[in-house]
Amino acid sequence: MATKPQVASLLVYLIISAATATAYSRRPHPRRPCNELVFFFHDILFNGRNYNNATAAIVGSPQWGNKTAMATPFNFGDMVVFDDPITLDNNLHSPAVGRAQGMYFYDQKSIYGAWLGFSFLFNSTEYVGTLNFAGADPLMNKTRDISVIGGTGDFFMARGVATLMTDAFEGDVYFRLRVDIKLYECW
Amino acid sequence: MATKPQVASLLVYLIISAATATAYSRRPHPRRPCNELVFFFHDILFNGRNYNNATAAIVGSPQWGNKTAMATPFNFGDMVVFDDPITLDNNLHSPAVGRAQGMYFYDQKSIYGAWLGFSFLFNSTEYVGTLNFAGADPLMNKTRDISVIGGTGDFFMARGVATLMTDAFEGDVYFRLRVDIKLYECW
Amino acid sequence: MATKPQVASLLVYLIISAATATAYSRRPHPRRPCNELVFFFHDILFNGRNYNNATAAIVGSPQWGNKTAMATPFNFGDMVVFDDPITLDNNLHSPAVGRAQGMYFYDQKSIYGAWLGFSFLFNSTEYVGTLNFAGADPLMNKTRDISVIGGTGDFFMARGVATLMTDAFEGDVYFRLRVDIKLYECW
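None of the values given here were measured: they were computed from a predicted structure.

Draft legend 1. Region of interest: the overall build of chain A. Each helix and strand in chain A was counted, giving one helix and nine strands. Looking at the 187 residues of chain A, the share that counts as buried comes to 57%. Long-range contacts, defined here as pairs at least 24 residues apart, represent 45% of the contacts in chain A between residues at least 6 apart. Surface accessibility of chain A: about 7,700 Å² in total, with carbon and sulfur atoms responsible for 54%.

Draft legend 2. Representation of the packing of aromatic side chains within the structure. Overall, the coordinates contain 75 aromatic pairs over all chains when judged by the stated rule. Measuring from centroid to centroid gives 5.9 Å for F156 of chain C and W187 of chain C, while their planes differ by 80°, and the two rings are edge-to-face. Note that F156 of chain C is positioned in the loop between β7 (144-153) and β8 (159-170) and W187 of chain C in the segment after β9 (174-185), a separation of 31 residues in sequence. For W187 of chain C, a relative accessible area of 12% translates into the label buried. Here the aromatic residues F39, F41, F82, Y104, Y106, F118, F120, F122, Y127, F133, F155 and F175 of chain A are joined through ring pairs into a cluster of three or more. Note that K109 of chain A overlies the ring of Y51 of chain C, its terminal NZ or CZ placed 4.8 Å from the centroid.

Draft legend 3. Spotlight on the pairing of strand β5 (residues 113-123) of chain A. Residue and element names in this part refer to chain A. Of all eleven residues making up β5, ten are buried, and the element is well covered by its neighbours. Looking at chain direction, strand β4 (residues 98-106) and β5 are connected through eight bridges and run antiparallel. Residue pairing in the sheet places M103 in a bridge with G117 of β5. Between β4 and β5, which follow one another and run antiparallel, lie six residues. Summarising the sheet, β5 and strand β6 (residues 128-138) pair through eleven bridges and their orientation is antiparallel.

Draft legend 4. Structural view of the state of the cysteines. Residue and element names in this part refer to chain A. One pass over the structure, following the stated rule, counts three disulfides over all chains. Sulfur-sulfur distance for the disulfide between C34 and C186 comes to 2.0 Å. Disulfide C34-C186: torsion about the S-S bond near 85°, hence right-handed. Pair noted here: C34 is in the loop between α1 (4-24) and β1 (35-44) and C186 is in the segment after β9 (174-185), with a separation of 152 residues, a long-range link.

Draft legend 5. Quick look at the pattern of salt bridges. If you walk through the whole model with that rule in mind, you get 18 salt bridges over all chains. Across the pair D83 of chain A and R99 of chain A runs a salt bridge, and its minimum N-O distance is 3.0 Å. Taken together, the residues D83 of chain A in strand β3 (residues 79-87) and R99 of chain A in strand β4 connect sequence positions 16 residues apart. Linked by salt bridges that have partners in common, R159 and E185 of chain A, R159 and E185 of chain B together with R159 and E185 of chain C make up one network.

Draft legend 6. Focus on the side chain of D83 of chain B. A residue is classified by how much of its surface remains accessible, and D83 of chain B, at 9% relative accessible area, is buried. At 3.0 Å, the side chain of D83 of chain B forms a polar contact with the side chain of Q101 of chain B. Ignoring anything within four residues of it in the chain, the contact list for D83 of chain B reads T55, R99, A100 and Q101 of chain B together with D107 and Q108 of chain C.

Draft legend 7. Main features of the side chain of K67 of chain B. Within the fold, K67 of chain B resides in the loop between β2 (56-60) and β3 (79-87). In terms of polar contacts, K67 of chain B uses its side chain to reach the backbone carbonyl oxygen of S61 of chain C, at 2.8 Å. Setting aside anything within four residues of it in sequence, one finds K67 of chain B in contact with F46, I58, V59, G60 and S61 of chain B together with S61, P62 and Q63 of chain C.

Draft legend 8. Representation of unusual backbone geometry within the structure. Residue and element names in this part refer to chain B. Across the junction of T72 and P73, the peptide omega takes the value 0°, indicating a cis bond. Take P73: it is sitting in the loop between β2 and β3. For M157, which is not a glycine, the phi torsion comes out positive at approximately 65°. Structurally, the position occupied by M157 is in the loop between β7 (144-153) and β8 (159-170). Overall, the relative accessible area of 1% leaves M157 in the buried class.

Draft legend 9. How the structure looks around the pairing of strand β6 (residues 128-138) of chain C. Residues and elements named next belong to chain C. A large share of β6 lies buried, amounting to ten of its eleven residues. Joining the antiparallel neighbours strand β5 (residues 113-123) and β6 is a turn of four residues. Judged from the six bridges that link them, β6 and β7 form a sheet pairing that is antiparallel. What sits directly across from T130, in β7, is T152. Taking the residues between adjacent antiparallel strands as the criterion, β6 and β7 are bridged by five residues.

Draft legend 10. Structural context of the confidence of the model for chain A. The predicted model of chain A averages 90 in pLDDT, with 85% of residues at 70 or higher. The ipTM for the predicted assembly is 0.86, set against a pTM of 0.87.

Draft legend 11. Local environment of the environment of R159 of chain A. Mapping R159 of chain A onto the fold places it in strand β8 (residues 159-170). For R159 of chain A, a relative accessible area of 1% corresponds to the buried category. Distance from R159 of chain A to M70 of chain A, taken between C-alpha atoms, is 33 Å for residues 89 residues apart in sequence. Side-chain polar atoms of R159 of chain A contact the backbone oxygen of M157 of chain C, separated by 3.1 Å.

Draft legend 12. Examining the environment of H29 of chain A more closely. Residues and elements named next belong to chain A. Mapped onto the fold, H29 is located in the loop between α1 and β1. For H29, a relative accessible area of 10% translates into the label buried. As a C-alpha pair, H29 and L131 span 102 residues in sequence and 22 Å in three-dimensional space.

Draft legend 13. Region of interest: the nonpolar core. Core analysis: the biggest nonpolar cluster contains 42 residues, and M79 and M103 of chain A, M79 and M103 of chain B together with M79 and M103 of chain C have the highest contact counts within it. Here M79 of chain A is in contact with A57, I58, V59, G60, Y104 and F105 of chain A, M79 of chain B together with V59, M79, V81 and M103 of chain C, once residues within four sequence places are set aside. Judged by nonpolar contacts, the second largest core, of 34 residues, contains Y106, I146, A158 and C186 of chain B.

Reading guide: rules and limits
Residues numbered from 1 in each chain as written. Chains lettered and ligands numbered in written order. Predicted model: local features only at pLDDT ≥ 70, side-chain atom pairs only at ≥ 80, totals over all residues. Heavy atoms only, no water. Helix = DSSP H or I, 4+ residues; strand = E, 2+ residues; numbered from the N terminus. Buried < 20%, exposed > 50% of the residue type's maximum accessible area, 1.4 Å probe, protein only. Contact = heavy atoms within 4.5 Å. Areas by Shrake-Rupley, 256 points an atom, 1.4 Å probe, with all protein chains shown as cover. Phe/Tyr/Trp six-rings, centres within 6.5 Å; stacked < 30°, edge-to-face > 60°. Lys NZ or Arg CZ within 6 Å of the ring centre and 35° of its normal. Pairing = 2+ DSSP bridges. Disulfide = S-S within 2.5 Å. Salt bridge = Lys/Arg side-chain N within 4 Å of Asp/Glu carboxyl O. Polar contact = N/O pair within 3.5 Å; in protein donor to acceptor, adjacent residues only side chain to side chain. pLDDT = per-residue confidence, 0-100. Core = buried A, V, L, I, M, F, W, Y, C linked by side-chain atoms within 4.5 Å.

Written out as structure tokens, the structure is:
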């Protein structure tokens, strides 16, 4: 068995190691999420004839575009603001559990690709608070990862990764995204 | 009193617990801010006749909108870029301590709601650096929380929450926001 | 030499200190980057005559602007979406190692200043993943710091600071930015 001084030295070494690891390196981080959420959101684009149902509108477009139809080719240059219902399943008519609010714009000339900046707003018995997102959405990929860049309320200071999947679309007017949110920083 | 092996075991257990807690869970995080700041910023929207005073301009609008007046209803679809003075009190004519630069856009059809992406830029004796913000601004709420998503200079790597309050507004042309910034990550 | 109870007390104290430091303060953070990357990206703005070469287009503009030329003065109010090649050196014709996709807009009336929200997308033997950026770009400064607000794939959960430098520009149509990325959070 170790003598007392040896035990003490070992323990002091271990303590210092632990403290140093904390202060000077934040690895290894756990890659297990501290919270996982799955939602769907539904975007109905204003096309000049559907104002009442529309949840989104083109507000910027390139020189060859307009505000009631996507630009050709590949929607390049169209900028859209939206206030979309969030549901727990893929049914547009399910009760909304929150709103997805923000913008997306198409930024590629030779393939469908977009960039998103938006928030999820919750004010229900389940959640009160917001999650903020930013990132690229290369639409031809089956899954696209964007960043959860912050949160408030129940999601205070959250960070993580959200995986987008196009769950359905109908022409240029309707699309539905599935969003798998994994938070890795929870306060 | 504990025997030596018992003391050693207990201590090793405690050390491993501490180290594990560090590596595998970052809770509990302190919810005490590491920095608190309060500012006001002042937005004067270009309306076709006030170019010299204007600090903001509509650059995107929906099909039914234009660039010199907010769209009806609820400004939905209007996108604005701004370069607003930041002051320490609610007086537009107080010395500016920095600039708020970025954009907001109105994204709701049936109530006033916006989304913000912007930065605070400081270059004074007090602060040199930037804070970056993103989040939803449901304007009818008395207070709205957005995220501090990063910072540079004196605010290197900052994260936190900023609470917005509409301190005053005059029609569509002027509004003043009070921003209570609480940083929870300070480097 | 310390008696057993003294050793035990000291060690318990040290353990508690270390654990407390971990839980209640995350300082001091290391300011040594955990990853450093340098890239160039190249922006060719659509001017009405260069569609095939253009990597960017004006999609929003102020009342006095248009979609094929920068607004006067100082491009104020012009909003641009882009999909720019990323290279390892300052040669536009070097092999692209990724794409810079997102938007910038000019938000100052009396000097050149912009705000950026964009992503770097990598899908090469070197890197697979994305980095997301946001921040102000006061163009007259030799260097400008923006935030790395998140990342995915090889850059999972990254945070840091990116320093922008204008490496070259040709009128309003071409500019090249050098970006020095320093990550301080790597998972």
